[in-house]
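Read off the chains here:
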Amino acid sequence: MTGQIDVGNGTYVRRINVASAEGNFRWNISFVGTRESTGNPTNPTNPTNPTNPNLPGAPIDVLRFTDAPRGNGDWQYLGSRASLNRVTVDAQRDGRISFEFPGISRFKIVARYSRLRGDTLPVEIYEGFGARDVRGTGVVSLTRDHTKVLRLTLNGTADGQRFNISFIQGRLAINQNVQGSGTAEVGRNNRQRVYAAQVILDQQGLFTIRGTDGSNLHVNGTWTEDRAGVITLSVTDIRGRRVSYGRGTLNLDTRTDQVRSFSLSGTTDGESFFFDFTVR
Amino acid sequence: MKKLLVLAAALAASALSFGQHASTTDGSGTYQNPDGNVSIRRATVILNENRQLQLTLEGSRRVSLFGTWSRSENGRYEVSVKTAQNNSTPR
């Protein structure tokens with residue numbers, strides 16, 4: 001039987017179509033490759049196959065760590081842009097390193113790392129975005145013990161579309177516009193439904209929460225993270241009021257740092273206030 | 001004995017360096033043959049400098065096939081595949 005094997009840019013098989021001559025349908029091979037093998041490599045001979053750790057070109061510095069640092073970053077692909085609050089980085093002994101962006105993309109970016117330059121790890125990207133043809137390079141800066149990520153940049157193309165990702169490890173910081181439902185009340189008989197809100201926690205420990213649909217209540221204060229996903233808020237100011245104080249809690253999704261709900265209450269100019277919200 | 005080992009290693013290294021393509025790929029497909037259908041979940045392709053092809057298909061069964069390749073263009077190889085059992089080219 002005869003046919004074609006398409007290996008694309010050489011790292012894995014895109015397609016196999018082989019069949020016996022016309023009129024004889026007993027023999028046929030049809031195969032569509034989706035990705036480089038994640039299992040034990042059957043064949044040890046591909047110098048470009050990152051699944052094989054024992055080949056020329058395999059990383060000299062063998063790393064093994066998983067880190068999910070918080071911080072700030074920028075994610076750009078297909079004309080959309082998102083701010084990164086967290087990335088998950090997983091380096092395997094076989095030379096692969098993967099990057100996940102919880103809450104931003106369901107696709108991993110997978111790369112092959114090469115020799116460390118000091119604490120800087122160059123990577124060559126070969127998979128991501130669910131695209132068939134992914135190429136790119138990146139740099140990951142690590143702590144001195146090479147187990148934590150300090151910063152990273154990843155750039156390249158996925159099926160011809162440019163992607164640019166950068167991230168710097170740091171304290172939690174978020175700026176999210178959320179939709180759902182809640183209630184805002186200042187004084188008695190002044191209750192308003194709230195359908196959208198903006199939540200900002202900055203790296204200096206200050207927060208702003210304001211209604212953006214249904215109520216324009218605008219609350220400022222300080223925040224601390226008491227335990228994973230639970231933020232304690234201390235109110236110091238409400239826009240348009242002279243003296244305000246109170247407390248509250250903000251709940252985050254522990255994996256993605258997306259806002260799930262918040263609740264604030266206290267006193268402002270001698271009146272009580274209350275502001276709660278649950279993300280839909 | 002040592003010399004033989006060194007020679008074998010050298011030959012293996014030489015085979016690697018002359019390899020045109022070798023990879024193991026996850027995916028999906030079927031291999032139809034007179035004994036029935038085999039669903040494929042992984043394919044290993046080795047195309048060497050001597051125009052020889054080795055194709056290993058893994059899935060519901062593991063099948064090794066051999067053959068030749070004649071030309072490559074933009075990563076596409078024209079291939080002729082024989083079965084491992086009788087070394088004949090099915091027509």
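Residues numbered from 1 in each chain as written. Chains lettered and ligands numbered in written order. Predicted model: local features only at pLDDT ≥ 70, side-chain atom pairs only at ≥ 80, totals over all residues. Heavy atoms only, no water.

A.B. asks: Explanation requested: the side chain of Asp90 of chain A in the structure shown.
C.D. replies: All names here are of chain A. Topologically, Asp90 is positioned in strand β7 (residues 88-91). The buried category is assigned to Asp90, whose relative accessible area is 17%. A distance of 3.0 Å separates a polar atom in the side chain of Asp90 from a polar atom in the side chain of Arg64. Of the polar contacts made by the side chain of Asp90, one reaches the side chain of Gln92; its length is 2.6 Å. Not counting the four nearest positions on each side in its chain, Asp90 is found in contact with Arg64, Phe65, Thr66, Arg96, Ile97 and Ser98. (Helix = DSSP H or I, 4+ residues; strand = E, 2+ residues; numbered from the N terminus. Buried < 20%, exposed > 50% of the residue type's maximum accessible area, 1.4 Å probe, protein only. Polar contact = N/O pair within 3.5 Å; in protein donor to acceptor, adjacent residues only side chain to side chain. Contact = heavy atoms within 4.5 Å.)

A.B. asks: How should the sheet that holds strand β8 (residues 96-101) of chain A be read in this particular structure?
C.D. replies: Sheet strands pair by backbone hydrogen bonding; their relative direction is either parallel or antiparallel. Residue and element names in this part refer to chain A. Pairing in this open sheet of 10 strands is antiparallel, and the strands run β4-β7-β8-β9-β10-β11-β12-β13-β5-β6 from one edge to the other. With partners counted over all chains shown, the strands left at the sheet margins are β4 (65-67) and β6 (80-86), one partner each. Between one strand and the next, the sheet's axes are offset by a mean angle of 20 degrees, whatever the strand orientation. As defined by bridge partners, strand β12 (residues 149-158) adjoins strand β13 (residues 161-169) across 8 bridges and the pair is classed as antiparallel. Paired with Arg151 across the two strands is Ile168, which belongs to β13. (Pairing = 2+ DSSP bridges. Axes fitted to C-alpha atoms, helices over the stretch in contact; angles between N-to-C directions.)

A.B. asks: Please explain the confidence of the model for chain A as it appears in this structure.
C.D. replies: A low pLDDT score tells you not to read the predicted coordinates there in detail. Predicted confidence across chain A gives a mean pLDDT of 84, with 88% of residues reaching 70 or more. Predicted confidence is poor over residues 40-59 of chain A, with pLDDT under 50, and the contacts of this stretch with residues over four places away or in other chains come to 51 contacts. (pLDDT = per-residue confidence, 0-100.)

A.B. asks: Just checking my understanding: could you explain the pattern of salt bridges for this structure?
C.D. replies: Two side chains with opposite charge may pair up if their charged atoms get near one another. Residue and element names in this part refer to chain A. In this structure the tally under the stated criterion is 12 salt bridges over all chains. As a salt-bridge pair, Asp90 and Arg64 come within 3.0 Å of each other at their nearest N and O atoms. Of the two residues, Asp90 sits in strand β7 while Arg64 sits in the loop between β3 (28-36) and β4, which places them 26 residues apart along the sequence. Residue Arg64 is classed as partly exposed on the basis of its relative accessible area, which comes to 40%. Within the structure, one salt-bridge network assembled from shared partners comprises Arg70, Arg86, Glu225 and Asp257. (Salt bridge = Lys/Arg side-chain N within 4 Å of Asp/Glu carboxyl O.)

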